[in-house]
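# Fold and contact review
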Amino acid sequence: MTAAVSPQCPVCKARFRGQRQCSRCGADLSRLMLVVVSAYQLRCQAGQALREARYRTAYEFASKAQNLHHTARGRKMMLVARVLDMVSVRR
Ligand SMILES: [Zn+2]
């Protein structure tokens, strides 16, 4: 199992606090912010797919989100979607 990794400033390794500029070294973190936001949006799409019982689609969205930004909650969502996809009855 892979541990969740909090995003960090690529320059000084300070914890990413959702700001465009690193509070410690002043580096531009706009691209890091875009990655985190993209992962969040993919998780929202995964949640919507879960609510609509589109489990395989939910798994794909959640998996893509994890590849961008790994979180413990995202991992749970991905695993739940995977299990539901495996046990769901196809219509
Ligand atoms: Zn920094």
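First, a word on what this report is: a plain description of the structure on this page. What you see is a predicted model, and the numbers here were worked out from it, not measured in a lab. The numbering scheme is per chain: residues are counted from 1 as the chain's sequence reads. This being a predicted model, a pLDDT of at least 70 is required before a residue's local features are given, and a value of 80 or more before pairs of side-chain atoms are given or counted; all residues contribute to the totals for chains, interfaces and linings.

### A closer look at the packing of helix 1 (residues 30–51) against helix 2 (residues 55–68)
Packed helices, taken two at a time, are described by the angle between their axes plus the distance between the axes. Note on method: axes are straight lines fitted to C-alpha atoms, helices fitted across the in-contact stretch only, with angles between N-to-C directions ranging 0 to 180 degrees. By the criteria applied, helices consist of DSSP H or I runs no shorter than four residues and strands consist of E runs no shorter than two, each listed in order from the N terminus. Relative orientation of the contacting elements helix 1 and helix 2 amounts to 165°, with a least axis distance of 8 Å. Classified by the angle their axes make, helix 1 and helix 2 are roughly antiparallel. Considering the relative orientation of helix 1 and helix 2, their crossing is left-handed. Where helix 1 approaches helix 2, its residues Val35, Ser38, Ala39, Leu42, Arg43, Gln45, Ala46, Ala49 and Leu50 are matched on the opposing element by Tyr55, Thr57, Ala58, Phe61, Ala62, Lys64, Ala65 and Leu68. Gly is placed with the polar residues, together with every amino acid not listed as nonpolar (Ala, Val, Leu, Ile, Met, Phe, Trp, Tyr, Cys and Pro) or charged (Asp, Glu, Lys and Arg). Within the contact of helix 1 with helix 2, the residues separate by chemical class into 12 nonpolar, three polar and two charged. Here the word oblique covers every angle except those under 35 degrees (roughly parallel), over 145 (roughly antiparallel) and from 65 to 115 (roughly perpendicular). Handedness of a crossing is defined here by the sense of rotation of the near helix relative to the far one, left-handed for an anticlockwise turn of less than a right angle and right-handed for a clockwise turn. In this description, a residue-residue contact is defined by the distance between C-beta atoms placed from the backbone, which must lie within 7 Å.

### Thoughts on the nonpolar core
In this structure, Ala39, Leu42, Ala46, Tyr55, Ala58, Tyr59, Phe61, Ala62, Ala65, Met77, Met78 and Ala81 together form the largest nonpolar core, which totals 12 residues. Listed by contribution, the elements that provide at least two residues to this core are helix 1, helix 2 and helix 3 (72–87). With sequence-adjacent residues up to four places away left out, Ala39 is seen in contact with Ala65, Leu68 and His69. A set of buried Ala, Val, Leu, Ile, Met, Phe, Trp, Tyr and Cys residues, joined through C-beta atoms within 7 Å, is what we mean by a nonpolar core. Note on burial: count the other C-beta atoms lying within 10 Å of the residue's C-beta; 20 or more is buried, 12 or fewer is exposed, in between is partly exposed, and C-beta positions come from the backbone.

### Overview of the environment of Gly18
As for its position among the elements, Gly18 is in the segment before helix 1. Residue classification places Gly18 among the exposed residues on the basis of 10 C-beta atoms within 10 Å. Considering only alpha carbons, one finds Gly18 and Phe61, 43 residues apart in sequence, at a separation of 22 Å.

### Focus on the packing of helix 2 against helix 3
Orientation of helix 2 relative to helix 3, taken along the N-to-C sense of each, is 155°, at an axis distance of 8 Å. One way to sum up the angle between helix 2 and helix 3 is to call them roughly antiparallel. Crossing angle aside, the handedness with which helix 2 passes helix 3 is left-handed. Along the contact surface, helix 2 presents Tyr55, Arg56, Ala58, Tyr59, Ala62, Ser63, Ala65 and Gln66, while helix 3 presents Gly74, Arg75, Met77, Met78, Ala81, Arg82, Leu84 and Asp85.

In short, geometric facts, not functional conclusions.
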